[in-house]
Amino acid sequence: MIQIKGIAAAPGIRVGPAHKFGKEEFTVPRNEIREDEIPINIQLFEEALIKTRKEIMELQKRIGSDMGQEEALIFDAHLLVLEDRMLIEEVISRLKKEKLNVACIFSEVLKKYTSVFSNIEDEYLKERIVDINDVGRRILRNLLGKERKAFLELKEKVVVVAHDISPSDTAAMHKKKVLAFVTDIGGKTSHTAIMAKSLEIPAVVGIEGATAMIHPDDVLIVDGSMGVVIINPDQQTLENYRREEQKFEGVLQKFLTAKDLPAVTRDGKTVQIYANIELPDEVPSVKLHGAKGIGLYRTEFFYMNRKDLPTEEEHYQEYKYVAQEMKPDPVVIRTLDLGGDKFLSQFAIPQEMQPFLGWRAIRFCLARPEIFKVQLRAILRASVHGKLKLMYPMISGVEELRQANTILDQAKKELEDKGLSYDKDMQVGTMIEVPSAALTADILAKETDFFSIGTNDLIQYSLAVDRVNEKVAYLYEPAHPAVLRMIKNIITAGHKEKIKVAMCGEMAGEPGLVLILLGMGLDEFSIPPQVIPELKYIIRSITMKQVEEIAQKASTLSTAKEVNNYSQDKLREILK
Ligand code: PEP
Ligand code: MG
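Reading the values: rules and limits
Residues numbered from 1 in each chain as written. Chains lettered and ligands numbered in written order. Predicted model: local features only at pLDDT ≥ 70, side-chain atom pairs only at ≥ 80, totals over all residues. Heavy atoms only, no water. Helix = DSSP H or I, 4+ residues; strand = E, 2+ residues; numbered from the N terminus. Rg over C-alpha atoms; globule rule 2.2 N^0.38 Å. Buried < 20%, exposed > 50% of the residue type's maximum accessible area, 1.4 Å probe, protein only. Contact = heavy atoms within 4.5 Å. Areas by Shrake-Rupley, 256 points an atom, 1.4 Å probe, with all protein chains shown as cover. Lys, Arg positive; Asp, Glu negative; His and termini not counted. Charge placed at Lys NZ, Arg CZ, Asp CG, Glu CD. Salt bridge = Lys/Arg side-chain N within 4 Å of Asp/Glu carboxyl O. Pairing = 2+ DSSP bridges. Axes fitted to C-alpha atoms, helices over the stretch in contact; angles between N-to-C directions. 1 Å grid on protein atoms, 1.4 Å probe; cavity = no way out; pocket = protein on both sides within 12 Å on 5 of 7 lines; lining within 4 Å. Points joined across faces, edges and corners; volume = space filled by probe spheres on them. Nonpolar A, V, L, I, M, F, W, Y, C, P; charged D, E, K, R; others polar. Near = heavy atom within 4 Å. Polar contact = N/O pair within 3.5 Å; in protein donor to acceptor, adjacent residues only side chain to side chain. Sits in = over half its atoms within 2 Å of the grid points.

**Student:** Describe the overall build of the chain, and please don't skip the residues or the numbers.
**Tutor:** What the chain contains, in helices and strands, is 23 helices and 16 strands. Against the globule reference of 25 Å for 576 residues, the chain gives a C-alpha radius of gyration of 26 Å, in line with a compact fold. Seen through its principal axes, the chain has C-alpha atoms that stretch 90 × 70 × 40 Å. Classification of the 576 residues of the chain by burial places 56% in the buried group. Put simply, of all contacts in the chain between residues at least 6 apart along the chain, 69% involve residues at least 24 apart. Split by element, the accessible area of the chain, about 25,800 Å² in all, is 53% carbon and sulfur. For the chain, the separation between the mean place of its 78 positive charges and that of its 86 negative charges on side chains is 3 Å.

See below:
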């Protein structure tokens, strides 16, 4: 039994067999063959192509019914690779000439193809490498008689162990047989972690060497609440954890009693509690957990796991669905926030040294207004179906806000020219997640309808701590006095201009810190749906006077540790 500690990324306890997920390495044998063995090798190749075709079509069918036709279309490109005459003929002619086993020849041809395509400048053709590689590996696997268990093909429930998992891979785990996941790298507020929380997949990230220590089929306990992974536990430990798992469920049930009750303090102040979502599929979970609206809809996931850009109509249908489902409660749609740890294959975005400081979010949208406007028009059109609000990510100063609003005005005008309607009173807000915006909140407040504080980024930029880097994760401190002062400044500036101040970063769901945020006067909390019952439970247990005193005292403390200890003590006192 080995116990390893990492970063608690998504809560919950799960036990299951390890499944290594990563780049598959093949050892391809190289054998000379006789002249009379050529036909059988050609036959093997043809059989592998037929088997691969069958596999892809089955996969396409399954994805079509699970995730929609759009996702299934991706596999059309894979089927085309199978029909590539040039590739097939090259394999057969080299087989005849070089007289080596077909797997070896095919792997050589595949390598050649990949290297030719990698050197092409054209982005579209470059993209085809992914298809060629994907299909090529599938053919090779069939030639070698091996099997690959991707998420979609998992037969049993497993704990996925990987060096890293991208946010889009995490999205693909959705509804699949993934009990939990463990990674070598990553941080608490990486989008992989956020996604895992939303999908209720317990996760521990940032365990250096996890993939080296864990072997396939090792039994793992993953404690996503404490950030602990136990490899091959003994019977006693297993029983203890099963009890913990039940306790965890029990606590959740206790909080769930508050889910449908209003979030009102004991002295009568109503606090708005909204949910964060990444996919429209999460709407039922939002309702189930008692949110009074959606405070952050991260739309960039709609651009992921697909080959092309979503059309205006596709955007519109998504937003319309969410607006109608949540009506009359509000839905805040955050415009495209790609970059940082969220990469999209459709855009030719150069690799950057510092992606979080680079061409991301609103910067990208302002530079590509034709892409931005597609989304803006769709949001505007959907606004007649419910109570939609819009907000821009990563605004660093009022000029960017003005530029974004100019493009929004153009989008409105385009709709008017076509006679299409939209909600003329739709509120347009600004995310405050860059220190320069936090420090000029008084200026921004005059030109925006609301603020939403994105602490995940605000913390990384204020404390100079990469949010996805486990090596500096110990410095990532929401309770740092610098962060608290910045938040206080934003709230004061917003209230002076009589606009509401919300928070949609993960900090808004940290139970101890919630006391301080409430005491500072934060109006709205937007958090992962699963945390809502607990937050309501806390709010219903306090008075404003109590939390104002707590916030006042916290503002006099010198370190994050002192603030955390103090707020945790107060929370324990309040919840007894
Ligand atoms: C944030 O930065 O706090 C935020 C909510 O946006 P994201 O996590 O998507 O960057
Ligand atoms: Mg952000």
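So, next bit.
**Student:** Can you explain the pattern of salt bridges? Please cite residues and give values.
**Tutor:** With the rule as written, the count across this model stands at 32 salt bridges. With its nearest N and O atoms 2.9 Å apart, the salt bridge here joins Glu325 to Lys287. In this pair, Glu325 sits in helix 12 (residues 312–326) while Lys287 sits in helix 11 (residues 283–288), placing the two residues 38 residues apart along the sequence. With its nearest N and O atoms 3.1 Å apart, the salt bridge here joins Glu370 to Arg368. Overall, the relative accessible area of 46% leaves Glu370 in the partly exposed class. One salt-bridge network, in which partners are shared between bridges, spans Glu300, Arg334, Asp337, Arg360, Asp457 and Arg467.

**Student:** For the sheet that holds strand 15 (residues 500–503), give the residues involved together with the corresponding values.
**Tutor:** As summarised here, the arrangement of the eight strands in space is 9-10-11-12-13-14-15-16, forming a closed barrel in which the pairing is parallel. Between one strand and the next, the sheet's axes are offset by a mean angle of 25 degrees, whatever the strand orientation. Across four bridges, the pairing between strand 9 (residues 272–277) and strand 16 (residues 524–527) is parallel. When the bridges of strand 16 are listed, Gln272 appears paired with Glu524. Of the strands in this sheet, strand 11 (330–334) and strand 12 (387–392) touch helix 14 (residues 369–382), which is tilted by about 155 degrees from strand 12. Against the sheet, helix 19 (residues 481–496) touches strand 13 (428–432), strand 14 (450–453) and strand 15, its axis set at about 150 degrees to strand 15.

**Student:** Talk me through empty space enclosed by the protein; I want residue IDs and the actual numbers.
**Tutor:** To locate leftover empty space, one rolls a probe as large as a water molecule over the atoms. Tallied over the full model, the rule gives two cavities of 30 Å³ or more. Estimates place the volume of the largest cavity at around 80 Å³. For the largest cavity, the lining is made up of 14 residues, of which Arg298, Arg334, Met431, Glu433 and Asn456 are closest to its centre. Counting residues per element, the ones that place at least two in the lining of the largest cavity are strand 10 (294–298) and helix 18 (455–463). Grouping the amino acids of the lining of the largest cavity by side-chain chemistry returns three nonpolar, four polar and seven charged. Approximately 40 Å³ is the volume attributed to the second largest cavity.

**Student:** Before we move on, can you summarise the site of ligand 1 with the specific residues and values?
**Tutor:** Ligand 1 sits among 17 residues. The nearest are His191, Arg298, Arg334, Asn456 and Arg467. Between ligand 1 and Gly454, the relevant distance is 3.4 Å, taken from an oxygen atom to a main-chain nitrogen or oxygen of the residue. Relative to its free-state accessible area of 280 Å², ligand 1 is covered by the protein chains to the extent of 100%. Assessed atom by atom at 2 Å from the grid points, ligand 1 resides in the largest cavity. Mapped onto the shell around ligand 1, the elements with two or more residues apiece are helix 8 (191–198), strand 10 and helix 18.

**Student:** Which residues make up helix 18, and what values go with them?
**Tutor:** Burial analysis of helix 18 places eight of its nine residues in the buried class, which makes it a mostly covered element. Turning to helix 18, its buried residues number three or more, namely Thr455, Asn456, Asp457, Leu458, Ile459, Gln460, Tyr461 and Leu463. Positioned one or two residues after helix 18, Ala464 has a phi angle of 55 degrees, which is positive.

**Student:** Quick rundown of the sheet that holds strand 7 (residues 219–223)? Include the residues and the values.
**Tutor:** The strand order across the open sheet formed by eight strands is 1-8-7-3-4-5-6-2, and the pairing between neighbours is mixed. The sheet is open, and its two borders are formed by strand 1 (2–5) and strand 2 (7–10), each paired with just one other strand. Ignoring strand direction, the axes of neighbouring strands in this sheet form an average angle of 30 degrees. As paired elements, strand 5 (residues 178–183) and strand 6 (residues 203–205) share two bridges and run parallel to each other. In the sheet register, Val182 faces strand 6, and the bridge partner there is Val204. Strand contacts of helix 8: strand 2, strand 5 and strand 6, with the helix running at about 50 degrees to strand 2, the strand carrying the most contacts. In this fold helix 10 (residues 235–256) packs onto strand 3 (13–20), strand 7 and strand 8 (228–231), with an angle of close to 120 degrees to the strand it touches most, strand 3.

In short, shape yes, function no, at least from these values alone.
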